[in-house]
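Topology and contacts: notes
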Amino acid sequence: MTNKDLEGFVARLTALGGGSGDSRALYDDWAATYEANLQGDYGYVAPAIAVAAFVEACPARDVRILDLGCGTGLVGEALAAAGYGRIDGADISPGMLAEARAKQVYERLIEADLTRPLGLESAYDAAIAVGCFGGGHVGPEHIEGMLDCLRPGGPLVLYMNEIPYDEDDYPAHFARLEAAGRWRVLSTARSNYMAVLERPGWTIVAERAA
Ligand SMILES: C[S@@+](CC[C@H](N)C(=O)[O-])C[C@H]1O[C@@H](n2cnc3c(N)ncnc32)[C@H](O)[C@@H]1O
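In what follows, the accompanying structure is described.

Structural notes on the site of the ligand
In the vicinity of the ligand, 23 residues are found, and the nearest of them are Tyr-34, Tyr-44, Gly-69, Asp-91 and Val-130. Here a nitrogen atom of the ligand sits 3.2 Å away from a polar atom, N or O, in the main chain of Ile-92. A distance of 2.8 Å separates a nitrogen atom of the ligand from a polar backbone atom of Leu-114. Contact with the protein chains hides 98% of the accessible area of the ligand, taken as 590 Å² for the molecule alone. Because more than half of its atoms lie within 2 Å of the grid, the ligand is assigned to the largest pocket. Residue composition of the shell around the ligand, by class: 13 nonpolar, eight polar and two charged.

Details of the pattern of salt bridges
Enumeration over the complete set of coordinates arrives at nine salt bridges. Between Arg-24 and Glu-111 there is a salt bridge whose closest N-O contact spans 3.5 Å. Here Arg-24 is found in helix α2 (residues 24-30), whereas its partner Glu-111 is found in strand β3 (residues 108-111), with 87 residues between them in sequence. Linking Glu-35 and Lys-103 is a salt bridge whose minimum nitrogen-to-oxygen distance equals 2.5 Å. One end of the pair, Glu-35, is in helix α3 (residues 34-42); the other, Lys-103, is in helix α6 (residues 94-103), with 68 residues separating them in the sequence. Given a relative accessible area of 22%, Glu-35 falls into the partly exposed group. Look at the salt bridges and you will find they share partners, linking Glu-144, Asp-148 and Arg-182 into a network.

Examining helix α9 (residues 170-179)
Among all positions of α9, only Tyr-170, Phe-174 and Leu-177 are buried. In an axial view of α9, the angular spread of the buried residues amounts to 65°, which keeps them on one side of the axis. Set apart from the buried face of α9 by more than 90 degrees, the exposed residues are Arg-176 and Ala-179. Buried residues along α9 sit against α7 (143-148), β5 (155-161), α8 (162-167), β6 (183-192) and β7 (200-208). With its phi angle positive at about 75°, Gly-181 sits one or two positions after the end of α9.

Section: the packing of aromatic side chains
Aromatic ring pairs are reported here in terms of the distance separating the ring centres and the angle at which the planes meet. Using the criterion set out here, one finds 12 aromatic pairs in the structure. Taking 6.0 Å as the distance between ring centres and 65° as the angle between the ring planes, the aromatic pair formed by Tyr-170 and Phe-174 counts as edge-to-face. With Tyr-170 and Phe-174 both in helix α9 and four residues apart, the pair spans about one turn of that helix. Note on accessibility: Tyr-170 and Phe-174 belong to one class, buried. For the cation-ring pair, Arg-61 lies above Tyr-84, with the distance from its terminal atom to the ring centre recorded as 4.7 Å.

Structural notes on the sheet that holds β6
Across the sheet, seven strands lie side by side as β3-β2-β1-β4-β5-β7-β6; this open sheet has mixed pairing. Each edge of the sheet is formed by a strand with only one pairing partner; in this case those strands are β3 and β6. Pairwise comparison of adjacent strand axes, ignoring direction, gives a mean angle of 15° for this sheet. Sheet topology note: the β6/β7 ladder contains nine bridges and is antiparallel. Note that in β7 the partner of Val-185 across the bridge is Ala-206. The strands that α6 touches are β2 (87-91) and β3; relative to β3, the one it contacts most, it runs at about 175°.

Rules used throughout
- Residues numbered from 1 in each chain as written.
- Predicted model: local features only at pLDDT ≥ 70, side-chain atom pairs only at ≥ 80, totals over all residues.
- Heavy atoms only, no water.
- Near = heavy atom within 4 Å.
- Polar contact = N/O pair within 3.5 Å; in protein donor to acceptor, adjacent residues only side chain to side chain.
- Areas by Shrake-Rupley, 256 points an atom, 1.4 Å probe, with all protein chains shown as cover.
- 1 Å grid on protein atoms, 1.4 Å probe; cavity = no way out; pocket = protein on both sides within 12 Å on 5 of 7 lines; lining within 4 Å.
- Sits in = over half its atoms within 2 Å of the grid points.
- Nonpolar A, V, L, I, M, F, W, Y, C, P; charged D, E, K, R; others polar.
- Salt bridge = Lys/Arg side-chain N within 4 Å of Asp/Glu carboxyl O.
- Helix = DSSP H or I, 4+ residues; strand = E, 2+ residues; numbered from the N terminus.
- Buried < 20%, exposed > 50% of the residue type's maximum accessible area, 1.4 Å probe, protein only.
- Arc of directions from axis to C-beta.
- Contact = heavy atoms within 4.5 Å.
- Phe/Tyr/Trp six-rings, centres within 6.5 Å; stacked < 30°, edge-to-face > 60°.
- Lys NZ or Arg CZ within 6 Å of the ring centre and 35° of its normal.
- Pairing = 2+ DSSP bridges.
- Axes fitted to C-alpha atoms, helices over the stretch in contact; angles between N-to-C directions.

Fair warning: the whole summary comes from geometry, so function is off the table for now.
Pasting the structure below:
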């Protein structure tokens, strides 16, 4: 690992820290070069890590899946490669959604702000959200809205950077949701999600409680 310095969009995103907020304009600007930058320059592998966890949590392939914060569609592409065929995506950035549309792996792409009610109550069998938590993105208080999109018992796989995970004390929010009977956390695992950087993140596998 070379421990490349943070530059450009990745540096701007990292500076946003914890909490939630508005990164839509940043992603619209980044959309066309997002994959070359994150995968090519940094060796971004969070979608592969999260989809491997998703496959274990959701072995049936004929399920309706919602990819939350789908971006340019790297998660949808990995899900399709793993044999899933009924995938919708939701994201706040029209520029990122346009890139995702070009991949032709999503049945439906929804322009949506995950900090607001989505109006998709119990519509999906499973959901996945990779890289959309933290400053300028979605906060821990928005996990409940993600759960609302799922049928009871449906798996939800999250992948997030360790900075917001620690700064916003995600484990405390997880425990609160569990105590409130909203979900059950099945596993949490730490990994490094960039090949050329020390960049730790967490996979959370949970299911909506009845
Ligand atoms: C780091 S990218 C991750 C994209 C994709 N999941 C991946 O792993 O490549 C974060 C995505 O979250 C989206 N996003 C940020 N805030 C959002 C919000 N409030 N509602 C919906 N999407 C949001 C951004 O537009 C961006 O596409």
